Amino acid sequence: MKKVTLLIISLFATLLLSAQGSVPQMEILDQVAAKTEKYVGLKIDFTMYVENLHNAKRDSYKGNAVYKSGLYKMDLMGQVVYSDGKTNWTYLKDADEINITKNSDNEAFMTNPQAILKDYKSKFKVNFISDKFEKNRALLEFDFYPKQIENKKYSKITIRIDKTKKQIFSVRYVGKDGVNYLIEIDKMLENPTITDAEVKYNKSLYPNAEEIDMR
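Residues numbered from 1 in each chain as written. Predicted model: local features only at pLDDT ≥ 70, side-chain atom pairs only at ≥ 80, totals over all residues. Heavy atoms only, no water.

Draft legend 1. How the structure looks around the overall build of the protein chain. Helix and strand counts for the protein chain stand at five helices and twelve strands. Across the 215 residues in the protein chain, those meeting the buried criterion constitute 48%. Carbon and sulfur atoms provide 49% of the accessible area of the protein chain, an area that totals close to 10,700 Å². (Helix = DSSP H or I, 4+ residues; strand = E, 2+ residues; numbered from the N terminus. Buried < 20%, exposed > 50% of the residue type's maximum accessible area, 1.4 Å probe, protein only. Areas by Shrake-Rupley, 256 points an atom, 1.4 Å probe, with all protein chains shown as cover.)

Take a look at the structure:
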């Protein structure tokens, strides 16, 4: 689940990425990056599809995430994850248990939308793939290839953005282990009013849960 969590947060973070070049499609991607850099908060409802190429199985899960100033909360697959960029608190609903883990530098990069904007052009090679119309939306599709692939769990990220809304439509991670993750955004609220209580972990939220410090 930790890998899935990191991938999901990374998926959302990738909507900030821009591309090299000056063709119109790349300019639109640049506009998405510039727009998102100014976000002070996000609320996202999404559907995650897990595609297992080994057994041709495809499962889907509904989830939601809230972001504010380096903090995030995500509810997915029976777990609620809180993070401040340094520490993660994961509440396991079935076990009524909270696992506390340290957020590594790499995890912090993946979970912080602003962080991924820094020096992004040196980290990815971006190719424009197609201009298409799907689910009543005009979309642009791009492939993102990490320039340093060794420490990544994926070989490619495919991003589709809504040209009209200047928002992400879907992101697909191609996993090195034969398991791919596709995220489709069902609803995105830009810069909503978000209180700290909505995103910050507080033990009082789960008074009976056992805390297990794994740092």
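Still more ground to cover, so stick around.
Draft legend 2. Representation of the pattern of salt bridges. Taken as a whole, this structure holds 16 salt bridges when the rule is applied. For lysine 43, the salt bridge is made with glutamate 198, and the minimal N-O distance between the two is 3.1 Å. Placement of the pair is lysine 43 in strand 1 (residues 41-52) and glutamate 198 in helix 5 (residues 196-199), with a sequence separation of 155 residues. On the basis of relative accessibility, which here comes to 25%, the residue lysine 43 falls in the partly exposed class. (Salt bridge = Lys/Arg side-chain N within 4 Å of Asp/Glu carboxyl O.)

Draft legend 3. Looking closely at the environment of glutamine 25. Turning to its location among the elements, glutamine 25 is positioned in helix 2 (residues 24-37). Separated by 138 residues in the primary sequence, glutamine 25 and lysine 163 place their C-alpha atoms 9.1 Å from one another. Not counting the four nearest positions on each side in its chain, glutamine 25 is found in contact with Phe128, Leu140 and Phe142. (Contact = heavy atoms within 4.5 Å.)

Draft legend 4. A look at the packing of aromatic side chains. One pass over the structure, following the stated rule, counts eight aromatic pairs. Ring centres of tyrosine 82 and tyrosine 201 lie 5.7 Å apart, and the angle between their planes is 65°; this geometry places the pair in the edge-to-face category. Placement of the pair is tyrosine 82 in strand 4 (residues 79-83) and tyrosine 201 in the loop between helix 5 and strand 12 (210-213), with a sequence separation of 119 residues. Like tyrosine 201, tyrosine 82 is buried. (Phe/Tyr/Trp six-rings, centres within 6.5 Å; stacked < 30°, edge-to-face > 60°.)

Draft legend 5. View of unusual backbone geometry. Phi angles above zero are rare outside glycine, and asparagine 136 is one such case at about 60°. Its place among the elements puts asparagine 136 in the loop between strand 7 (124-134) and strand 8 (137-146). By relative accessible area, which is 70% here, asparagine 136 ends up exposed. Positive phi, normally seen in glycine, also occurs at lysine 166, with a value near 55°. With respect to the secondary-structure elements, lysine 166 resides in the loop between strand 9 (154-162) and strand 10 (167-175). Classification of lysine 166 as partly exposed rests on a relative accessible area of 21%.

Draft legend 6. Fine view of the sheet that holds strand 2 (residues 57-68). The strand order across the open sheet formed by twelve strands is 7-8-9-10-11-1-2-3-4-5-6-12, and the pairing between neighbours is mixed. Looking at strand neighbours, the two that pair on one side only are strand 7 and strand 12, the edges of this open sheet. Each adjacent strand pair in this sheet contributes to an overall mean axis angle of 20°, direction not counted. Two strands pair when backbone bridges link them, and strand 6 (residues 97-102) and strand 12 are joined in this way by four bridges, in the parallel orientation. (Pairing = 2+ DSSP bridges. Axes fitted to C-alpha atoms, helices over the stretch in contact; angles between N-to-C directions.)

Draft legend 7. How the structure looks around the nonpolar core. Core analysis: the largest hydrophobic core is formed by 33 residues, its most contacted members being Phe46, Phe142, Phe144, Ile157 and Ile161. The residues contacting phenylalanine 142, other than those within four sequence positions of it, are Gln25, Met26, Leu29, Val126, Asn127, Phe128, Ile129, Ile157, Thr158, Ile159 and Ile161. Among the nonpolar cores identified, the runner-up in size contains nine residues, and Ile98, Tyr201, Tyr206 and Ala209 belong to it. (Core = buried A, V, L, I, M, F, W, Y, C linked by side-chain atoms within 4.5 Å.)

Draft legend 8. Examining the side chain of arginine 160 more closely. Turning to its location among the elements, arginine 160 is positioned in strand 9. A distance of 2.6 Å separates a polar atom in the side chain of arginine 160 from a polar atom in the side chain of glutamate 134. Every residue in contact with arginine 160, bar those within four places of it in the chain, is listed here: Lys132, Glu134, Leu139, Leu140, Glu141, Ile168, Phe169 and Ser170. (Polar contact = N/O pair within 3.5 Å; in protein donor to acceptor, adjacent residues only side chain to side chain.)

Draft legend 9. Expanded view of the confidence of the model for the protein chain. When pLDDT is averaged along the protein chain, the result is 83, and 80% of the positions lie at 70 or above. Mean pLDDT values for the elements of the protein chain range from 48 in helix 4 (residues 113-117) up to 96 in strand 12. Of the regions scoring below 50 in pLDDT, residues 15-22 engages in 38 contacts with residues more than four places distant in sequence or in other chains. In the model, residues 109-114 has pLDDT below 50 throughout and makes 18 contacts with residues more than four positions away in sequence or in other chains. (pLDDT = per-residue confidence, 0-100.)

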